[in-house]
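Below, each chain spelled out in residue letters.
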Amino acid sequence: KDVVTGDFYWVYKNDKDQIFFTVADCTGHGIPGAFMSMIGNSLLNEIIIENKTENTAHILNNMRDQIIKSLKQKEGEGENKDGMDIALCKLDVKKKIVEYSGAYNPLIHISGDTVNHIKADHQPVALYSGKMKPFSNHMINVKEGDMLYLASDGFSDQFGGEKGKKYMASKFKKFLLSISTLSCQEQKQALKKELNDWKGKLEQIDDICIMGVKI
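We now turn to the structure provided with this report. (Residues numbered from 1 in each chain as written. Predicted model: local features only at pLDDT ≥ 70, side-chain atom pairs only at ≥ 80, totals over all residues. Heavy atoms only, no water.)

**A few points about the sheet that holds strand E7 (residues 138-141)**
Operational definition: By this definition, two strands are paired if DSSP reports at least two bridges between them. Here a helix means four or more residues in a row that DSSP labels H or I, a strand means two or more in a row labelled E, and each is numbered from the N terminus. Here, axes are lines fitted to C-alpha atoms. For helices the fit covers the stretch in contact, and angles between N-to-C directions go from 0 to 180 degrees. Any two residues whose heavy atoms approach within 4.5 Å are treated as being in contact.
On the basis of which strands lie adjacent, the open sheet formed by 5 strands has the order E1-E2-E3-E4-E7 and antiparallel pairing. In this open sheet, the two strands that pair with only one neighbour each are strand E1 (7-13) and E7. Going from strand to strand, the sheet's axes swing by 15° on average, the running direction of each strand aside. Looking at chain direction, strand E3 (residues 84-92) and strand E4 (residues 97-103) are connected through 6 bridges and run antiparallel. Paired with Leu88 across the two strands is Ser101, which belongs to E4. Docked against the sheet, helix H1 (residues 30-50) engages E1, strand E2 (18-26) and E3, running at close to 15° with respect to E1.

In structure tokens form, the structure reads like this:
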């Protein structure tokens, strides 16, 4: 949306043939969002690469603890609640198993004509006014040709169309299914066209980040 962004993606392959990939949506956009993006990137580097943590839920728990500590977040009204929504996956290339954990942001797995929506935990990677629980792990079997999608909410929340309404998550999933058999480059172009056609002359309201991974 602006010169710098509060959305970021991150990918890392370890020596066990495990590929970690993530899309995160930080609080705000522009400079504040970019600041949180830098924190998120450095935490992923520290927890996954340096400390070799492999469990996706443990990674998010650790990130949350570090963000609360580094931003000195405390309970109470008006306190700093900056953080991020995130979808984090670990693909075991040999076993064809994906481990997923999410904070608000789901994983969309398309296999053939089937769309699997794997729900995220309803809490951010930050201090939370509700009851903070450990993040959940989900294990998904995948096969060659499947598509995995991680995205921030920028596309789904974009206003447009004839009535100037939000695009919506359900429409977004249907569109992903319709383009899922195309090459990744063709999918990227199709998503750009769909966004521009929907948005029309309206302003883009948020950062947009979409990652597609073909197995």
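**Considerations on the pattern of salt bridges**
To keep it simple, the criterion reads: Salt bridges are identified by distance alone: a Lys or Arg side-chain nitrogen within 4 Å of an Asp or Glu carboxyl oxygen.
Inspection of every chain in the model, using the stated rule, returns 7 salt bridges. Here Asp17 makes a salt bridge to Lys13, at a shortest N to O gap of 3.3 Å.

**Some words on the layout of surface pockets**
Using the following cut-off: Grid points spaced at 1 Å over the protein atoms alone were grouped into cavities, where a 1.4 Å probe fits but cannot get out, and pockets, open sets with protein on both sides within 12 Å along at least five of seven lines, with lining residues defined by an atom within 4 Å of a point. Grid points are joined across faces, edges and corners, and a volume is the space filled by probe spheres set on the points. Throughout, the ten residues Ala, Val, Leu, Ile, Met, Phe, Trp, Tyr, Cys and Pro are labelled nonpolar, Asp, Glu, Lys and Arg are labelled charged, and all others, Gly among them, are labelled polar.
Here the largest pocket is characterised by a volume of approximately 380 Å³. Tyr104, Pro106, Asp153, Ser156 and Ala169 are, among the 18 residues lining the largest pocket, the residues nearest its centre. At the level of secondary structure, the elements contributing two or more residues to the lining of the largest pocket comprise strand E8 (147-151) and helix H3 (169-179). Residue composition of the lining of the largest pocket, grouped by class: 9 nonpolar, 4 polar and 5 charged. In this structure, the second largest pocket occupies an estimated 320 Å³ of space. Elements supplying a minimum of two residues to the lining of the second largest pocket: E1 and helix H4 (184-199). Counting residues per element, the lining of the second largest pocket draws most heavily on H4, at 4 residues. Its residues assigned to classes, the lining of the second largest pocket comprises 8 nonpolar, 2 polar and 3 charged.

The values reported here are purely geometric and, on their own, carry no functional implication.
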